[in-house]
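Each chain, letter by letter, is given below.
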Amino acid sequence: MAQPAIEINGLAKRYGEGDAAVDALKGVDMMIQPGEVVGLIGPSGSGKSTLLKCLGAVIEPTSGRMALAGKAIYDNGWKVTDLRALRRDRIGFVFQAPYLIPFLNVTDNVALLPMLAGLPNSQAREQARQMLAALDVGHRTQAQVRQLSGGEQQRVSIARALVNEPPIVLADEPTAPLDSERALTVIRILNQMAQRFQTAIIVVTHDEKIIPTFKRLYHIRDGRTFEAAGEGRAA
Amino acid sequence: MINLAARDILHGWGKFVFTGVGLGLLIGVTLSMAGIYRGLVDDGKALLAIGGADLWVVQRDTLGPYAEPSSVRDDAYRSLLGIPGVAAAGNVTYLTMQIEHARGEVRVMLVGFQPGHPGEPGYLVAGRPITRSHYEAIADMRSGLSLNERIRIRRHEYAVVGLTRRMVSSGGDPMLFVPLKDAQEVQFLKDNDALVNERARSAANPAFNRPGVPGLLEAVQASQTNSHQVNVVLLRLAPDADETRVAEQIRRWKHLEAYTRADMDEILVAKLIATSARQIFMFLVILSVVSATIVAFIIYTMTLNKVREIAVLKLIGARNRTIALMILQQALGLGVIGFIVGRTAAALWAPIFPKYVLLLPGDAVRGALLVLLICALASVVAIRAALRVDPAAAIGG
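Reading the values: the criteria
- Residues numbered from 1 in each chain as written.
- Chains lettered and ligands numbered in written order.
- Predicted model: local features only at pLDDT ≥ 70, side-chain atom pairs only at ≥ 80, totals over all residues.
- Helix = DSSP H or I, 4+ residues; strand = E, 2+ residues; numbered from the N terminus.
- Buried ≥ 20, exposed ≤ 12 C-beta atoms within 10 Å, placed from the backbone.
- Contact = placed C-beta atoms within 7 Å.
- Rg over C-alpha atoms; globule rule 2.2 N^0.38 Å.
- Domains from an automatic or database assignment.
- Core = buried A, V, L, I, M, F, W, Y, C linked by C-beta atoms within 7 Å.
- Nonpolar A, V, L, I, M, F, W, Y, C, P; charged D, E, K, R; others polar.
- pLDDT = per-residue confidence, 0-100.
- Pairing = 2+ DSSP bridges.
- Axes fitted to C-alpha atoms, helices over the stretch in contact; angles between N-to-C directions.
- Left-handed = near helix turned anticlockwise from the far one by under 90°.
- Parallel < 35°, antiparallel > 145°, perpendicular 65-115°, else oblique.

Chemist: Is there a simple way to explain the overall build of chain A in this structure?
Modeler: Each helix and strand counted, chain A has 6 helices and 10 strands in total. Along the first, second and third principal axes, the C-alpha atoms of chain A reach 55 × 40 × 40 Å. A burial count over chain A gives 49% of its 235 residues as buried. Long-range pairs, those at least 24 residues apart, make up 69% of the contacts in chain A between residues at least 6 apart in sequence.

Chemist: I tried to follow the overall build of chain B on my own but got confused; where do I start?
Modeler: Across its full length, chain B holds 12 helices and 12 strands. Taking 397 residues into account, the globule formula puts the C-alpha radius of gyration at 21 Å, and chain B, at 31 Å, lies well above it. By its C-alpha atoms, chain B is 115 × 50 × 45 Å across when sized along the principal axes. Within chain B, residue pairs in contact and separated by at least 24 positions form 79% of the contacts whose partners lie at least 6 positions apart.

Chemist: Looking at this structure, I do not really get the domain arrangement of chain B. What am I missing?
Modeler: In many analyses, interface size is given as the accessible surface area lost on bringing the parts together. Split by domain assignment, chain B resolves into domain 1 (4–43 + 275–394) and domain 2 (55–189 + 226–240). Measuring from the centre of the C-alpha atoms in domain 1 of chain B to the corresponding centre in domain 2 of chain B gives 47 Å.

Chemist: When you look at the nonpolar core in this model, what are you seeing that I'm missing?
Modeler: The nonpolar side chains of a soluble globular protein tend to be buried with one another. Ranked by size, the top nonpolar core spans 174 residues in total, and within it Leu 190 of chain A together with Leu 55, Val 57, Val 111, Val 233 and Leu 235 of chain B carry the most contacts. In terms of residue count, helix 2 (residues 13–50) of chain B provides more of this core than any other element does, 10 residues in total. If you count residues domain by domain, this core takes at least three from each of domain 1 (4–43 + 275–394) and domain 2 (55–189 + 226–240) of chain B. Among residues more than four places away in sequence, those in contact with Leu 55 of chain B are Leu 235, Leu 237, Glu 243, Val 246, Ala 247, Ala 258, Tyr 259 and Thr 260 of chain B.

Chemist: I'm lost on the interface of chain A and chain B in this one. Help?
Modeler: Counting residues at the interface gives 26 residues for chain A and 19 residues for chain B. The leading source of residues in the side of chain A that touches chain B is helix 3 (residues 106–116) of chain A, at 5 residues. Per-class residue counts for the side of chain A that touches chain B are 15 nonpolar, 3 polar and 8 charged.

Chemist: Help me understand the confidence of the model for chain B in this model?
Modeler: As a general rule, the predicted coordinates of low-pLDDT regions are not to be interpreted in detail. Averaged over every residue, the pLDDT of chain B is 89; the share at 70 or more is 99%. Scored as a whole, the predicted complex attains pTM 0.76, and scored at its interfaces, ipTM 0.86.

Chemist: For this particular structure, what's the right way to read the sheet that holds strand 4 (residues 63–68) of chain A?
Modeler: All names here are of chain A. Reading across the sheet, the 4 strands line up as 2-1-4-5 and stay open at both edges, with antiparallel pairing between neighbours. Two strands in the sheet have a free side with no partner beyond their single neighbour: strand 2 (22–32) and strand 5 (71–75). Within the sheet, the average angular offset between the axes of one strand and its neighbour, ignoring direction, is 20 degrees. Taken strand by strand, helix 1 (residues 48–55) contacts strand 1 (6–15), strand 2 and strand 4, and its axis lies near 60 degrees from that of strand 2.

Chemist: Looking at this model, I keep getting lost on the packing of helix 2 of chain B against helix 12 (residues 361–388) of chain B. Mind explaining?
Modeler: The description of two packed helices rests on the angle between their axes and on the distance between the axes. Residue and element names in this part refer to chain B. Running from N to C, helix 2 and helix 12 cross one another at 145 degrees; their axes reach a closest spacing of 11 Å. Viewed along their axes, helix 2 and helix 12 form a crossing whose handedness is right-handed. Only Asp 363, Gly 367 and Val 371 of helix 12 make contact with helix 2, whose side of the interface consists of Ile 27, Leu 31, Ala 34 and Arg 38. Looking at the contact of helix 2 with helix 12, its residues break down into 4 nonpolar, 1 polar and 2 charged.

Chemist: What is the right way to read the environment of His 255 of chain B from this model?
Modeler: Among the structural elements, His 255 of chain B can be located in the loop between helix 7 (243–253) and strand 12 (257–260). For His 255 of chain B, a count of 10 C-beta atoms within 10 Å corresponds to the exposed category.

Chemist: Mind showing me how you'd approach the pairing of strand 7 (residues 150–153) of chain B here?
Modeler: Side-chain positions along a regular strand alternate between the two faces of the sheet. Of the two faces of strand 7 of chain B, the one lined by Ile 151 and Ile 153 of chain B is fully buried and the one lined by Arg 150 and Arg 152 of chain B carries no buried residue. Hairpin remark: strand 7 of chain B followed by strand 8 (residues 156–164) of chain B, antiparallel, with 2 residues in the connecting loop; positive phi at Arg 154 of chain B, about 55 degrees.

Chemist: Explanation requested: the sheet that holds strand 10 (residues 224–229) of chain A in the structure shown.
Modeler: Hydrogen bonding along the main chain pairs the strands of a sheet, whether they run parallel or antiparallel. All names here are of chain A. Here we have 6 strands laid out as an open sheet, ordered 6-7-8-3-9-10, and mixed in their pairing. Both edges of this open sheet fall to strand 6 (91–94) and strand 10, since each of them pairs with a single strand only. Here the average twist between neighbouring strands, direction ignored, is 20 degrees.

Chemist: For this particular structure, what's the right way to read helix 10 (residues 307–315) of chain B?
Modeler: By the criterion of burial, helix 10 of chain B is predominantly enclosed, with 7 of the 9 residues buried. Along helix 10 of chain B, the residues classified as buried are Glu 309, Ile 310, Ala 311, Val 312, Leu 313, Lys 314 and Leu 315 of chain B. Considering only its buried residues, helix 10 of chain B is in contact with helix 2 (83–90) and strand 6 of chain A together with helix 11 (320–349) and helix 12 of chain B. Where helix 10 of chain B terminates, the next one or two residues include Gly 317 of chain B, which has phi positive at roughly 110 degrees.

Chemist: Is there a simple way to think about the environment of Leu 313 of chain B in this case?
Modeler: Residue and element names in this part refer to chain B. Locating Leu 313 in the fold gives a position in helix 10. What makes Leu 313 buried here is the crowd of 25 C-beta atoms within 10 Å. Sequence separation between Leu 313 and Gln 329 is 16 residues, and the spatial gap between their C-alpha atoms is 17 Å. Aside from chain neighbours lying at most four places away, what touches Leu 313 is Ala 318 and Ile 323.

Chemist: Which parts of the structure should I look at to understand the packing of helix 3 of chain A against helix 5 (residues 150–162) of chain A?
Modeler: Residue and element names in this part refer to chain A. Running from N to C, helix 3 and helix 5 cross one another at 25 degrees; their axes reach a closest spacing of 7 Å. For the element pair helix 3 / helix 5, the angle class is roughly parallel. As for how helix 3 packs across helix 5, the hand of that crossing is right-handed. In this structure, helix 3 uses Val 106, Asn 109, Val 110 and Leu 113 to contact helix 5, whose residues at the interface are Val 156, Ala 159 and Arg 160. Residues that form the contact of helix 3 with helix 5 fall into these classes: 5 nonpolar, 1 polar and 1 charged.

Chemist: Honestly, helix 4 (residues 180–188) of chain B in this entry has me stumped. Any pointers?
Modeler: Helical periodicity: at 3.6 residues per turn, an α-helix aligns residues three or four positions apart in one direction. For helix 4 of chain B, the complete set of buried residues consists of Leu 180, Asp 182, Ala 183, Gln 184, Glu 185 and Val 186 of chain B. Buried positions along helix 4 of chain B lie against strand 3 (86–101), strand 4 (104–113), strand 7, strand 9 (175–179) and strand 10 (229–230) of chain B.

Chemist: Where do I start with unusual backbone geometry in this structure?
Modeler: Most peptide bonds adopt trans geometry, and most residues besides glycine take a negative phi value. All names here are of chain B. Look at Asp 61: it is not a glycine, yet its phi comes out positive at around 65 degrees. The class of Asp 61 is exposed, set by 10 C-beta atoms lying within 10 Å. One non-glycine residue, Asn 148, lies in positive phi territory at about 70 degrees.

Right under this line is the structure:
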């Protein structure tokens, strides 16, 4: 079996100290294989966003262990010195709203990541165009963000998350603003991309429409995760 | 790497340009203030250049004739001419007054001079020099007077026979040149009623009207109706003469004060216009602070409007340096637009200022550097705010 794309053991996160301390995560365990798309569901305040922020290396857990593609990135302390580079090269982000940069056109929104990684502009743009084409928005490469529909904007944001071919993508309620048809389209695209690039994708969602599409689900409640088999319906 | 600042500016160029224009008008006012100061200094230097003099001889212990009143007997020039090194001498009077003409009133500096002697206008742009002993005038074009126009000064009418340019007082008032005798009369001679009254008072004074001293009263009364005073004697020196030495001789033997051109420069710039210069400097400081505050506020607001984008940029791996550079470049871009607008505006409105506004290229360069520095400093607040943006803000919850 291939090395897990994400492996988390006993991850905990405490906010505050003393009487005001809040344990947002109380020992999360999770394992996701490359090419897998799993759902992460749970009620508000259950710790979904905290887990996503820990996985995204934007907040530091209190304890536990996290490994990406077999390499520990956190083991009761960060094991990498440059978290910015870690996020840039190894983690993709898809947000609830597309959050594209409004003053860049479609190509440059996607090409920005490889450019930040040091790729020359022409190569970065070519890479972005290929990714946009793979997501069926290759005809909108020169468009401005405001000229795109909601669904197109979300595809562009997925292209941005995948353009550096990271081992994991964290999707924070990516279908929330979309209707059923578009939401299912986004999930189908995420599944296709996960297969194509062997990327592990965690989708945080409340969306009843898409929950049945996951083969595996993690429920999070009171800071703990519980794994459950999903229905795995075709999106 | 994409220039994020340029893309952001191009994306919202209308807002950016209008903001730059607003800032530019403020910078234009700042540059104009600097131009007004330069104009004051230049007016002073032009004033010294008018008479073609090397030495200014004035009443002792005064800073005359421009910074303080000065009165010198009009026959002093004869003895001054006898000093070795003095090539020419000319009596000159100065009096700032309001005169009426066909289209209204104008404040002028009335200059009495002797044609052919130091103190006469150096050049004319229209008309002819004064050729008669009385009632002819040469006016600076800024006075609004035209050739052959007739103007009334005190008791007499004068014909404007010549026009000149850039001949103004240190206060910027245009000069009106008239023959010395006329100017002395204007400055020192009282009106008829006052003279009759003065004569009666002298006649009633037993000290002046002594029975045993025939002619005393007439002599006193005559002295009251004539003026033999001037404000300054301008000296032109021989080419090989040492002006400091000649000035020293005048101070020592003639009991008068003599100033060289360097002394007069010092008096005009460091003393006469010093208060105005300080006033203008204060305006410059205030306007610079206001400009910096406005730039800081604009850039800060623009940055706050981009908090989500900045959070996303940080989350996907943009360096703090990239984000800081974007904000700095925008602030500098605003400064560049502002400076271009300001410099253009200052050049456009300078001619309609009542006082001379001199916009020097050197000041423009210094102004540009100052604007860029202010913009760079003003961007610090916004950069600090941007660097405090948490990348986690891009992730909901």
